[in-house]
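Spelled out, the chains give:
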Amino acid sequence: MVRYSVTTLAIALSITTAAPAAASEKGWNDAGSIARDALVVAAFGVPAVQGDWDGVLQAGGSIAASAGVTYGLKEAFPERRPDGSDDKSFPSGHTSMSFAAAATLQNRYGWEIGVPAQIVAAFVGLSRVEAKKHHVHDVLVGAAIGEASGFLITRKAGDRVQVFPWGDTKGGGVAVTMRF
């Protein structure tokens, strides 16, 4: 079903990881941005190619939720970047979006595409530290945000049972739906 995508994703990502060979901060920054973009395109593209429009919507929801939480935290907790360029270091947006895309692919289609995607997402986090754009804790929190959004919003393709956690200011719970 999606097995051909694993090979394609692995080849594209191995090319991306070769970019920072010069070990410059710009090389790491560029490679991380390319890898992030490749993951986001894969998160939308894999389901779109298969006509899996629920998967496209879930990828959009996962990535949007991750971005929303990340940028809200950037405003709430300003932190200077290691390169001193601004105070938007915490948490890493590149990393949160990459892990949201990777977690969406893994949760929807399984480990065969999920493992390579997770490796690429980890590379994005490494690239942000090496490019001096983020501290290690920025990347770790970004990864946690992305993983949480990807796994909470995305369901396995073809699942007949869905579990949706919910919450508001007055309480929370879990809704379970079943298709017969």
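See the structure above.
If you're wondering where the values come from, they're calculated on a predicted model, not measured in any experiment.

### Let's talk about the overall build of the chain
Link 1 in the chain: Scanning the chain from N- to C-terminus turns up six helices and two strands.
Link 2 in the chain: Each helix (α) and strand (β) of the chain, taken in turn from the N terminus, gives the series α-α-α-α-α-α-β-β.
Link 3 in the chain: Within the chain, buried positions represent 44% of all 180 residues.
Link 4 in the chain: The contacts in the chain between residues at least 6 apart in sequence include a share of 66% that link residues at least 24 apart.

### Observations regarding a nonpolar patch on the surface
Link 1 in the chain: Residues Trp111, Val115 and Ile119 make up a contiguous nonpolar surface patch of about 340 Å² in total accessible area.
Link 2 in the chain: By the secondary structure assignment, Ile119 is in helix H5 (residues 111-130).
Link 3 in the chain: Residue Ile119 is classed as exposed on the basis of its relative accessible area of 56%.

### Side note on the pattern of salt bridges
Link 1 in the chain: Inspection of the entire model under this criterion finds seven salt bridges.
Link 2 in the chain: A salt bridge links Arg108 to Asp52, with the nearest nitrogen and oxygen atoms 2.6 Å apart. Residue Arg108 is located in helix H4 (residues 93-109), and its partner Asp52 is located in the loop between helix H2 (25-49) and helix H3 (53-76); the two are separated by 56 residues in the primary sequence.
Link 3 in the chain: The salt bridge partner of Lys88 is Glu75, with a shortest N-O separation of 2.7 Å. Taken together, the residues Lys88 in the loop between H3 and H4 and Glu75 in helix H3 connect sequence positions 13 residues apart.
Link 4 in the chain: When its relative accessible area of 26% is taken as the criterion, Lys88 is described as partly exposed.
Link 5 in the chain: For Glu75, a relative accessible area of 57% gives the class exposed.

### So, the packing of aromatic side chains
Link 1 in the chain: For the coordinates displayed, the defined rule picks out two aromatic pairs.
Link 2 in the chain: Seen from their ring centres, Trp28 and Phe123 are 5.9 Å apart, and the 35° between their planes marks the pair as tilted. You can see Trp28 sitting in helix H2 and its partner Phe123 sitting in helix H5, a full 95 residues away along the chain. Phe123 matches Trp28 in its accessibility class, with the two residues each being buried.

### A short note on the nonpolar core
Link 1 in the chain: The biggest cluster of nonpolar side chains holds 26 residues, and the ones touching the most others in it are Leu39, Ala43, Ile63 and Leu105.
Link 2 in the chain: Looking at this core, the elements with two or more residues in it are H2, H3, H4 and H5.
Link 3 in the chain: If you tally residues by element for this core, the top one is H2, at eight residues.
Link 4 in the chain: Once residues lying within four places of it in the same chain are set aside, the contact partners of Ala43 are Ala59, Ile63, Ala101 and Leu105.

### Some points on the side chain of Thr104
Link 1 in the chain: By the secondary structure assignment, Thr104 is in helix H4.
Link 2 in the chain: The buried category is assigned to Thr104, whose relative accessible area is 3%.
Link 3 in the chain: Once residues lying within four places of it in the same chain are set aside, the contact partners of Thr104 are Ala59, Ser62, Gly150 and Thr154.

### Points about unusual backbone geometry
Link 1 in the chain: In this model, Phe90 is joined to Pro91 through a cis peptide bond whose omega is -20°.
Link 2 in the chain: Inspection of the secondary structure assignment puts Pro91 in the loop between H3 and H4.
Link 3 in the chain: One non-glycine residue, Lys132, adopts positive backbone phi at about 65°.
Link 4 in the chain: With respect to the helices and strands, the residue Lys132 is situated in the loop between H5 and helix H6 (136-153).

### Brief notes about H3
Link 1 in the chain: With 24 residues, H3 should cover 34 Å at 1.5 Å per step; its first-to-last C-alpha distance of 34 Å lies within 8% of that length.
Link 2 in the chain: Those residues of H3 that sit buried are Gly55, Val56, Gln58, Ala59, Ser62, Ile63, Ser66, Ala67, Thr70 and Lys74.
Link 3 in the chain: Turning to H3, the residues buried within the fold contact H2, H4 and H6.

The rules behind these values
- Residues numbered from 1 in each chain as written.
- Predicted model: local features only at pLDDT ≥ 70, side-chain atom pairs only at ≥ 80, totals over all residues.
- Heavy atoms only, no water.
- Helix = DSSP H or I, 4+ residues; strand = E, 2+ residues; numbered from the N terminus.
- Buried < 20%, exposed > 50% of the residue type's maximum accessible area, 1.4 Å probe, protein only.
- Contact = heavy atoms within 4.5 Å.
- Patch = residues over 30% accessible without salt bridge, like charges linked within 9 Å, V, L, I, M, F, W, Y side chains within 5 Å.
- Areas by Shrake-Rupley, 256 points an atom, 1.4 Å probe, with all protein chains shown as cover.
- Salt bridge = Lys/Arg side-chain N within 4 Å of Asp/Glu carboxyl O.
- Phe/Tyr/Trp six-rings, centres within 6.5 Å; stacked < 30°, edge-to-face > 60°.
- Core = buried A, V, L, I, M, F, W, Y, C linked by side-chain atoms within 4.5 Å.
- Expected span 1.5 Å × (residues − 1).

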